Amino acid sequence: MAERTFAIIKPDATKRNLEGPILSIIQDKGLRVVAMKKMQLTKEQAEGFYYVHKERPFFGSLTDFMTSGPIVAMVLEGENAVARWRELMGATNPENAAEGTIRKQFAEGLEANSVHGSDAAETAAFEMGYFFNAMEITG
């Protein structure tokens, strides 16, 4: 059964015009984009999205980074979409990411690691709802 997950192409990647190459990887690996929008997050929106990290020391720099340029928010669909997208992204730290993963290919560093993905179905549900309403997600 098809599953949905949430993904972001982060500001470091949009600044380098990498939306196309990243989308090609997503689609070539069998995931479908069922919702997508390019937007500029406000500080408040970034803080709301990353609220789970509010007490962490990197919260301020993370939300500053995520508001530094446009992002592309997406809903991806496919078999085991959460796990497959996480595998395609690679490890959070690009130095530890496997060859061929998006972060190994495109990330500039730990924070500027080009993409975000939900870590579980429950997280995906929150994250999809944060950026999209039901009418914006196609089947």
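Just so you know, these numbers come straight off a predicted model, no measurement behind them.

### Comments concerning the sheet that holds strand β4 (residues 115–117)
Part 1 of the argument: Spatially, the four strands line up as an open sheet ordered β2-β3-β1-β4, and their pairing is antiparallel. The strands lining the two open edges of the sheet, one partner per strand, are β2 (32–39) and β4. Here the average twist between neighbouring strands, direction ignored, is 20°.
Part 2 of the argument: Direction of pairing for strand β1 (residues 2–9) relative to β4: antiparallel, over a ladder of three bridges. What sits directly across from isoleucine 8, in β4, is histidine 116.
Part 3 of the argument: Together, β1, β3 (71–79) and β4 form the strand contacts of helix α5 (residues 81–89), whose direction differs from that of β1 by roughly 35°.

### Concerning the environment of glycine 48
Part 1 of the argument: Mapped onto the elements, glycine 48 comes out in helix α3 (residues 43–49).
Part 2 of the argument: Here the alpha-carbon distance between glycine 48 and asparagine 93, two residues 45 residues apart in the chain, equals 23 Å.
Part 3 of the argument: If we skip the residues at most four places from it in the chain, glycine 48 touches Phe126 and Tyr130.

### Considering the layout of surface pockets
Part 1 of the argument: When its volume is computed, the largest pocket comes out at roughly 590 Å³.
Part 2 of the argument: Surrounding the largest pocket, 23 residues form its lining, Tyr50, His53, Leu62, Thr92 and His116 being those nearest its centre.
Part 3 of the argument: Among the secondary structure elements, those contributing two or more residues to the lining of the largest pocket are α5, β4 and α7 (121–131).
Part 4 of the argument: Residues that form the lining of the largest pocket fall into these classes: nine nonpolar, seven polar and seven charged.

### Description of the pattern of salt bridges
Part 1 of the argument: Taken as a whole and assessed by the stated rule, the structure comprises seven salt bridges.
Part 2 of the argument: Connected via shared salt-bridge partners are Arg4, Arg32 and Glu77.

### Here we look at the packing of aromatic side chains
Part 1 of the argument: What the rule picks out here adds up to eight aromatic pairs.
Part 2 of the argument: With centroids separated by 5.7 Å and ring planes inclined at 50°, the aromatic side chains of phenylalanine 49 and tyrosine 130 adopt a geometry described as tilted. A residue pair is termed long-range when its members are at least 10 positions apart, and phenylalanine 49 in helix α3 and tyrosine 130 in helix α7 qualify at 81 residues.
Part 3 of the argument: A network of ring pairs unites the aromatic residues Phe6, Phe49, Tyr50, Tyr51, Phe126, Tyr130 and Phe131 as a single cluster.

### Digging into a nonpolar patch on the surface
Part 1 of the argument: Where nonpolar side chains cluster on the molecular surface, the patch consists of Tyr51, Val52, Phe126 and Tyr130 and spans about 380 Å² of accessible area.
Part 2 of the argument: Along the chain, phenylalanine 126 turns up in helix α7.
Part 3 of the argument: For phenylalanine 126, a relative accessible area of 35% corresponds to the partly exposed category.

### Re helix α2 (residues 19–28)
Part 1 of the argument: Where α2 is concerned, the buried positions are Glu19, Ile22, Leu23, Ile25 and Ile26. Looking straight down α2, one finds that the buried residues subtend no more than 155° of arc, so they occupy a single side.
Part 2 of the argument: At the C-terminal side of α2, glycine 30 shows a positive phi close to 90°.

### Notes on the nonpolar core
Part 1 of the argument: Within the largest apolar cluster, 22 residues are counted, with the highest numbers of intra-cluster contacts made by Phe6, Met66, Phe131 and Phe132.
Part 2 of the argument: Among the secondary structure elements, those contributing two or more residues to this core are β1, β2, α3, α4 (59–66), β3 and α7.
Part 3 of the argument: With four residues, the single largest contributor to this core is α4.
Part 4 of the argument: Setting aside anything within four residues of it in sequence, one finds phenylalanine 131 in contact with Phe6, Ile8, Lys37, Met39, Leu41, Phe49, Ile71, Ala73 and Glu136.

Parameters and conventions
Each chain has its residues counted from 1, running along the sequence as written. Given that this is a predicted model, residues contribute local features only at a pLDDT of at least 70 and side-chain atom pairs are listed and counted only at 80 or more, while totals for whole chains, interfaces and linings are drawn from all residues. Hydrogens and water are ignored here; the side-chain numbers use all heavy atoms of the structure. Here the rule is simple: two strands pair whenever DSSP picks up at least two bridges between them. For the purposes of this entry, the term helix denotes a DSSP run of H or I that reaches at least four residues, the term strand denotes a run of E that reaches at least two, and both are numbered from the N terminus. Think of each axis as a best-fit line through the C-alpha atoms, taken over the contacting stretch in the case of a helix, with angles from 0 to 180 degrees between the N-to-C directions. We call two residues in contact whenever any of their non-hydrogen atoms come within 4.5 Å of each other. Buriedness of a pocket was judged along seven lines, with at least five required to meet protein on both sides within 12 Å; pockets are open sets of points on a 1 Å grid over the protein atoms alone, cavities are sets where a 1.4 Å probe fits but cannot get out, and lining residues have an atom within 4 Å of a point. Grid points are joined across faces, edges and corners, and a volume is the space filled by probe spheres set on the points. Nonpolar residues are Ala, Val, Leu, Ile, Met, Phe, Trp, Tyr, Cys and Pro. Charged residues are Asp, Glu, Lys and Arg, and all others, Gly as well, are polar. One side-chain nitrogen of Lys or Arg within 4 Å of one carboxyl oxygen of Asp or Glu is enough to make a salt bridge. For this analysis, a ring pair means two rings from Phe, Tyr or Trp (six-membered ring only for Trp) whose centres lie within 6.5 Å, classed as stacked if their planes differ by under 30 degrees, edge-to-face if by over 60, and tilted for the remaining angles. The residues that make up patches have over 30% relative accessible area and no salt bridge, and they are joined within 9 Å when like-charged or within 5 Å when they are Val, Leu, Ile, Met, Phe, Trp or Tyr. Surface accessibility follows the Shrake-Rupley procedure with a 1.4 Å probe radius. Residue values consider only the protein chains on display as shielding. Categorising residues by exposure relies on relative accessible area from a 1.4 Å probe, with only protein chains included: less than 20% of the type maximum marks a residue as buried, more than 50% marks it as exposed, and the intermediate range marks it as partly exposed. To be clear, the arc concerns the directions from the helix axis to the C-beta atoms. Joining through side-chain atoms within 4.5 Å is the link that ties buried Ala, Val, Leu, Ile, Met, Phe, Trp, Tyr and Cys residues into a set, and such a set is a nonpolar core.

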